[in-house]
Amino acid sequence: MATQMFEGRGHAAVYQKFRFSPGKELQGAILGYLREKGTNPTELAVDVGCGSGQGTLFLAERFGKVVGTDISQAQIQEAKAAPSPPNVSYLVCPAEELPFEDASVDLLASFTAAHWFDIEKFMREVSRVVRPGGCVAISTYTVDMSLHYGTCSEKLTQIFRETWGQLLKYSHNRVKHVLEDYKEIFEALPFPDKKRITDIYDKIPMTVAGVVGYLESASPYQVFLKNDPEAAKTLLPEMEKRLLEVMGVPSPETPLEFWVRHVCILGHKEA
């Protein structure tokens, strides 16, 4: 059974506000693979575990129809409330029970979500719904992020990772898949024609407030908030204060770069 970690309306709203879309390098890796495999037609793409739709919108530019699915009603409500093109729709359903016909999907994608799925059941659905000649793209960003601003990037990254380290002890055991670069998920993909890329790096434009919001959207922070509300509510403001002091700026809207590493599993179902 899938693990449900993003259910509350408040959490979903934070997620929608602060989670970022797939970066250019990750997009390039996926689109390059589709070109390499000659994925055509490009009629239907499905974004499984779509959250509030960050990855879904990227796919909308390349496919005739895109459906984002998520087990969380609150996340789907946030996705539907955000602006989206007419070829995008959203459904509430588990990753392990996809409401698509056999061999009907040209691209099945999942962005930073697959570690929450029941992997065995999900892969059975992948095998069922992806058409012969279709592709799979399953990615996640990892926890070894870094912050970059002027000459103080090392100090900023240290502060960020200290805070992230305090949160990781509240992480669900499914996060092990992320820490292991999706190795087990890659091995479970039932297509012989597949590869796993572990060194895709994107530089995401962000602000100090955006970095704080990203951590607020993370599932370990939400667990921390439930377990120790007073400590949780001071942790992120304290991090923000330290970041601004090191940067020598007063405003949390000051821009910086958030560097992330992606792992991406790419697979092709033989025609």
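Here, the structure is the one placed above.
Calculation criteria
- Positions within a chain are numbered from 1, following the residues in the order the chain's sequence is written.
- Two thresholds apply to this predicted model, a pLDDT of at least 70 for residue-level local features and 80 or more for giving and counting side-chain atom pairs, whereas whole-chain, interface and lining totals are computed over all residues.
- Side-chain measures here rest on the full set of heavy atoms in the structure, leaving out hydrogens and waters.
- Each helix is a run of DSSP H or I of at least 4 residues and each strand a run of E of at least 2, with the numbering of both proceeding from the N terminus.
- Both definitions apply: the radius of gyration is a C-alpha atom measure, and the globule rule equals 2.2 Å times residues to the power 0.38.
- The rule is simple: take the accessible area with a 1.4 Å probe, protein chains only, and divide by the maximum for that residue type; under 20% is buried, over 50% is exposed, in between is partly exposed.
- Contacts are assigned to residue pairs with any non-hydrogen atoms lying within 4.5 Å of each other.
- Here the Shrake-Rupley method, with its probe set to 1.4 Å, supplies the accessible areas, and only the displayed protein chains count as covering residues.
- Residues counted as positive are Lys and Arg, residues counted as negative are Asp and Glu, and His and the chain ends are not counted.
- Every charge is mapped onto a representative atom, which is NZ of Lys, CZ of Arg, CG of Asp or CD of Glu.
- When a carboxyl oxygen of Asp or Glu is within 4 Å of a side-chain nitrogen of Lys or Arg, the pair counts as a salt bridge.
- Two strands pair under a simple rule: DSSP has to find at least two bridges between them.
- Here, nonpolar core means buried Ala, Val, Leu, Ile, Met, Phe, Trp, Tyr and Cys residues that are tied together by side-chain atoms lying within 4.5 Å of each other.
- Side-chain rings of Phe, Tyr and Trp (the six-membered ring for Trp) are treated as a pair once their centres are within 6.5 Å; stacked means planes under 30 degrees apart, edge-to-face means over 60, and tilted covers the remaining angles.
- For a Lys NZ or an Arg CZ to count as sitting over a ring, it must be within 6 Å of the ring centre and within 35 degrees of the ring normal.
- Throughout, a disulfide means two cysteine sulfur atoms within 2.5 Å of one another.
- Every axis in this analysis is a line fitted to C-alpha atoms, fitted for helices over the stretch in contact. Angles between the N-to-C directions lie between 0 and 180 degrees.
- The labels follow the angle: roughly parallel below 35 degrees, roughly antiparallel above 145, roughly perpendicular from 65 to 115, and oblique for the rest.
- Helix crossings fall into two classes, left-handed where the near helix is turned counterclockwise from the far one by less than a right angle and right-handed where it is turned clockwise.
- Gly falls in the polar group here, along with every residue not listed as nonpolar (Ala, Val, Leu, Ile, Met, Phe, Trp, Tyr, Cys, Pro) or charged (Asp, Glu, Lys, Arg).
- By the criterion applied in these results, polar contacts are pairs of N or O atoms within 3.5 Å in which, for protein atoms, one can donate a hydrogen and the other can accept it, and in which residues neighboring in sequence qualify only through two side-chain atoms.

Notes on the overall build of the chain
Scanning the chain from N- to C-terminus turns up 11 helices and 8 strands. For a compact globule of 271 residues, the expected C-alpha radius of gyration is about 18 Å, and the chain comes in at 19 Å, within 12% of that figure. Taking the principal axes of its C-alpha atoms as reference, the chain extends roughly 55 × 35 × 35 Å. Evaluated residue by residue, the chain yields a buried proportion of 56% over its 271 residues. For the chain, the proportion of contacts with a sequence separation of at least 24, taken over those separated by at least 6, is 77%. Counting every atom, the chain has about 12100 Å² of accessible surface; 51% of that belongs to carbon and sulfur. When the 29 basic and 35 acidic side-chain charges of the chain are each reduced to a single mean position, those positions are 0 Å apart.

What to know about the pattern of salt bridges
Evaluation of the coordinates by the stated rule reveals 12 salt bridges. Close ionic contact of Glu36 with Lys37 constitutes a salt bridge, the shortest N to O distance being 3.8 Å. According to the relative accessible area criterion, Glu36 is exposed, its value standing at 52%. Taking the relative accessible area as the measure of exposure, Lys37 reaches 23% and is therefore partly exposed. Linked by salt bridges that have partners in common, Glu36, Lys37, Asp193 and Lys195 make up one network.

Notes on the pairing of strand β4 (residues 105-111)
With 7 of 7 residues buried, β4 is to be regarded as a mostly interior element. The pairing of strand β1 (residues 44-48) with β4 spans 3 bridges and is classified as parallel. For Val46, the partnering residue across the bridge sits in β4 and is Leu108. Here β4 pairs with strand β5 (residues 130-141) via 6 bridges, running parallel.

Concerning the nonpolar core
Among soluble globular proteins, nonpolar side chains are generally buried collectively. Grouped together as the largest cluster of nonpolar side chains are 31 residues, with contacts concentrated most on Leu108, Phe117, Phe122, Val126 and Ile138. Elements with a contribution of two residues or more to this core: β1, β4, α5 (119-129), β5, α8 (183-188) and β8 (255-268). Other than its neighbours up to four places away in sequence, Val126 contacts Leu108, Val136, Leu189 and Phe191. If you look at the next biggest cluster of nonpolar residues, it comprises 30 residues, including Ile204, Tyr221, Met239 and Val249.

Notes on the packing of aromatic side chains
Applying the stated rule across the entire model yields 6 aromatic pairs. Clustering of aromatic rings is evident, with ring pairs tying together Tyr141, Phe160, Tyr214 and Phe258. Positioned above the aromatic ring of Phe186, the side-chain terminus of Lys194 is 4.9 Å from the ring centre.

Some thoughts on the state of the cysteines
Scanning the entire structure with this criterion turns up 0 disulfides. With no disulfide of its own, Cys264 has Cys135 as its nearest cysteine by sulfur position, at a separation of 11 Å.

Regarding the packing of helix α9 (residues 208-217) against helix α11 (residues 229-247)
Here α9 crosses α11 at 155°, and the two axes come no closer than 10 Å. It follows that α9 is roughly antiparallel to α11 by the angle criterion. Helix-helix and strand crossings are classified by hand; for α9 and α11 the assignment is right-handed. Across the interface between the two elements, Val208, Ala209, Val211, Val212, Leu215 and Glu216 from α9 touch Leu236, Met239, Glu240, Leu243, Leu244 and Met247 from α11. Taken together, the residues of the contact of α9 with α11 break down into 10 nonpolar, no polar and 2 charged.

Points about the side chain of Ser153
The residue Ser153 is located in helix α6 (residues 153-168) in this model. Residue Ser153 is classed as buried on the basis of its relative accessible area of 14%. In terms of polar contacts, Ser153 uses its side chain to reach the backbone amide nitrogen of Tyr149, at 3.0 Å. Not counting the four nearest positions on each side in its chain, Ser153 is found in contact with Leu147 and His148.

By themselves these figures say nothing about function.
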